[in-house]
Amino acid sequence: MTSSEHRPAIGVIADDLTGANATGVLLTRTGYPTASLTELRWPEGGLDGYPCIVIATESRAVPADEARRRVADAARLLLDHGRRPMAKRIDSTLRGNLGPEVEAVLEALGPGSVAVLTGAFPASGRTARDGIHYVHGVPLAETEVRHDPLCPVTQSHVPTLVGSQTGLPVAHLPLAAVRAGAEAVARAIAEQARQGVRILCADAETDADIQALGQGMALSGVTCVAADPGPLTAAFVAASVPPVRGRVLVVAGSVTDLTRTQLDHLQAETGARLIQVDAGSLGRGGEDAEAEMRRAVDALAAIPAGEPVIGVRSSEVLSVDPDAAGRIAAGFAEIAARALDRLEGVKGLYTSGGDITVAVCRRLQAGAIQLDAEVLPLAVQGRLVGGLRPGLAIVTKGGLVGDRTAAVTCVRHLIKL
């Protein structure tokens with residue numbers, strides 16, 4: 001069973017790559033690891049490690065029919081890979097094929113689905129009141145976007161602008177309704193859906209307005225899609241789906257006295273739940289090793305999802321030959337790989353011991369480690385390159401490195417990423 005079977009799987013469709021990335025990073029900050037596709041196809045390596053996928057269709061300046069086709073293709077791609085399109089990213093100055101692109105997403109979601117559309121992005125000076133879209137307080141059609149060489153916008157009233165691009169029923173959600181709170185927004189969306197409205201153009205001037213809209217969409221009982229520059233998408237996703245909580249998986253096979261002290265301090269300081277693994281069983285190989293690996297993985301999987309630091313540590317090993325030492329390292333690596341398949345929301349690995357680190361990287365088929373930061377002398381944070389878990393953060397540390405606080409420092413670095 002792969003991690004993607006446990007994670008909420010959602011998709012966002014954007015009309016250009018920079019917009020896709022801008023929305024994707026908002027989702028990442030909200031707690032949903034996000035990957036942005038650079039082509040309209042699924043990568044060969046898969047994307048199990050990313051609950052959110054953003055696809056750019058590069059359709060802003062193409063003819064309406066072509067834009068509709070590209071977005072429909074993107075929606076099908078997401079659905080074929082188990083991702084529900086929850087958002088259609090639009091330009092914050094409402095350029096492009098808003099109507100046809102939103103139509104394509106709604107068609108993919110089926111009858112009764114509703115797009116809540118707003119260009120509001122308060123942090124960027126984009127607001128909407130009485131249906132009028134403003135850029136730093138200036139009505140949209142009075143800004144330089146009116147003269148955009150590819151996608152000029154000559155209408156400031158959003159319902160009118162969107163209605164001119166689609167045959168779907170369009171309505172307006174005024175600011176007073178938004179500020180009545182999330183439950184009022186939910187009732188308004190449900191009522192508009194009953195009346196057959198498919199695109200609801202919403203006012204918003206503040207981040208609190210955006211939050212009320214997103215929460216209302218989640219509460220409405222209607223299949224909604226956010227059509228916005230990003231903030232509403234983040235609010236809607238956060239309100240709809242529990243975020244992937246950041247967890248750190250500790251894989252500590254080193255048996256030095258210093259490592260034991262560090263792990264004891266880690267458990268005392270952070271409440272880390274570390275399962276002790278019988279290294280002797282791993283060293284013997286065969287059925288003994290397999291039984292011990294299954295036991296350790298089952299024990300990890302039984303730890304409540306809210307525990308942020310979990311992992312395995314080694315029992316004492318008095319003396320082993322090189323072959324047994326290799327089997328022990330391989331056993332810890334196998335435990336790590338199986339645990340990653342079963343655990344929810346692991347954002348990083350902390351490995352202690354050079355042989356353990358090498359074995360884990362080999363088992364995960366990572367051809368390299370992208371080096372990002374020195375956490376402390378001789379302990380480095382990077383990300384796996386290629387293999388089964390591309391992009392997974394890792395902190396590597398030797399068994400004789402650091403003082404008693406070193407493991408705490410390394411794990412806290414990963415939690416903060």
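Residues numbered from 1 in each chain as written. Predicted model: local features only at pLDDT ≥ 70, side-chain atom pairs only at ≥ 80, totals over all residues. Heavy atoms only, no water.

### Considerations on the overall build of the chain
Assigned secondary structure in the chain consists of 14 helices and 18 strands. Within the chain, buried positions represent 53% of all 417 residues. Across the chain, contacts joining residues at least 24 apart in sequence account for 71% of those joining residues at least 6 apart. As displayed, the chain offers around 17400 Å² of accessible surface, 51% of which is attributable to carbon and sulfur atoms. Averaging the locations of the 40 positively and 46 negatively charged side chains of the chain gives two centres separated by 2 Å. (Helix = DSSP H or I, 4+ residues; strand = E, 2+ residues; numbered from the N terminus. Buried < 20%, exposed > 50% of the residue type's maximum accessible area, 1.4 Å probe, protein only. Contact = heavy atoms within 4.5 Å. Areas by Shrake-Rupley, 256 points an atom, 1.4 Å probe, with all protein chains shown as cover. Lys, Arg positive; Asp, Glu negative; His and termini not counted. Charge placed at Lys NZ, Arg CZ, Asp CG, Glu CD.)

### A few points about the nonpolar core
Among the nonpolar cores identified, the biggest contains 37 residues, and Val-116, Leu-173, Ile-189, Leu-213, Met-217 and Leu-232 are the most heavily contacted of them. Setting aside residues no more than four positions away along its own chain, Leu-232 makes contact with Val-116, Thr-118, Ile-210, Leu-213, Gly-214, Met-217 and Ala-226. The next biggest cluster of nonpolar side chains, apart from the first, holds 35 residues, and it includes Leu-349, Ala-359, Val-360 and Cys-361. (Core = buried A, V, L, I, M, F, W, Y, C linked by side-chain atoms within 4.5 Å.)

### Quick notes on the packing of helix α6 (residues 182-194) against helix α7 (residues 207-219)
Relative to each other, α6 and α7 sit at 55°, their axes nearing to 7 Å. As the angle between them shows, α6 and α7 are arranged oblique. At the point where α6 passes α7, the crossing takes the right-handed sense. Residue-level inspection shows Ala-182, Glu-183, Val-185, Ala-186 and Ile-189 of α6 in contact with α7, the latter providing Ala-212, Leu-213, Gln-215, Gly-216, Met-217 and Leu-219. In the contact of α6 with α7, the residues fall into 8 nonpolar, 2 polar and 1 charged. (Axes fitted to C-alpha atoms, helices over the stretch in contact; angles between N-to-C directions. Parallel < 35°, antiparallel > 145°, perpendicular 65-115°, else oblique. Left-handed = near helix turned anticlockwise from the far one by under 90°. Nonpolar A, V, L, I, M, F, W, Y, C, P; charged D, E, K, R; others polar.)

### Observations regarding the packing of helix α11 (residues 286-301) against helix α12 (residues 322-342)
Helix-helix packing is characterised by the crossing angle of the two axes and by the distance between the axes. Running from N to C, α11 and α12 cross one another at 35°; their axes reach a closest spacing of 9 Å. For the pair α11 and α12, the sense of crossing is right-handed. Across the interface between the two elements, Glu-290, Met-293, Arg-294, Ala-296, Val-297, Asp-298, Leu-300 and Ala-301 of α11 pack against Gly-331, Glu-334, Ile-335, Arg-338, Ala-339 and Arg-342 of α12. Looking at the contact of α11 with α12, its residues break down into 7 nonpolar, 1 polar and 6 charged.

### Section: the UniProt feature "domain: Four-carbon acid sugar kinase N-terminal" (unreviewed entry) in the chain
UniProt records the feature "domain: Four-carbon acid sugar kinase N-terminal" (unreviewed entry) at residues 10-235, using the numbering of this structure. For residues 10-235, the end-to-end C-alpha separation is 14 Å, with 37% helix and 21% strand making up the annotated structure. (UniProt positions renumbered as here; feature names shortened; annotations may be inferred.)

### What about the pattern of salt bridges?
All told, the structure shown has 29 salt bridges when counted by the stated rule. In this structure, the salt-bridge partner of Glu-66 is Arg-69, at a minimum N-O distance of 2.6 Å. One end of the pair, Glu-66, and the other, Arg-69, are both in helix α2 (residues 64-80), 3 residues apart, so they sit about a helical turn from each other. For Glu-66, a relative accessible area of 23% puts it in the partly exposed group. A residue is classified by how much of its surface remains accessible, and Arg-69, at 42% relative accessible area, is partly exposed. Of the charged contacts in the structure, one is a salt bridge between Lys-88 and Glu-101, with a shortest N-O distance of 2.8 Å. On the criterion of sequence distance, the pair formed by Lys-88 in strand β4 (residues 84-89) and Glu-101 in helix α3 (residues 98-109) is long-range, its members being 13 residues apart. Judged by its relative accessible area of 3%, Glu-101 is buried. Where salt bridges share partners, they join Asp-15, Asp-16, Arg-60, Asp-91, Arg-95 and Asp-148 into one cluster. (Salt bridge = Lys/Arg side-chain N within 4 Å of Asp/Glu carboxyl O.)

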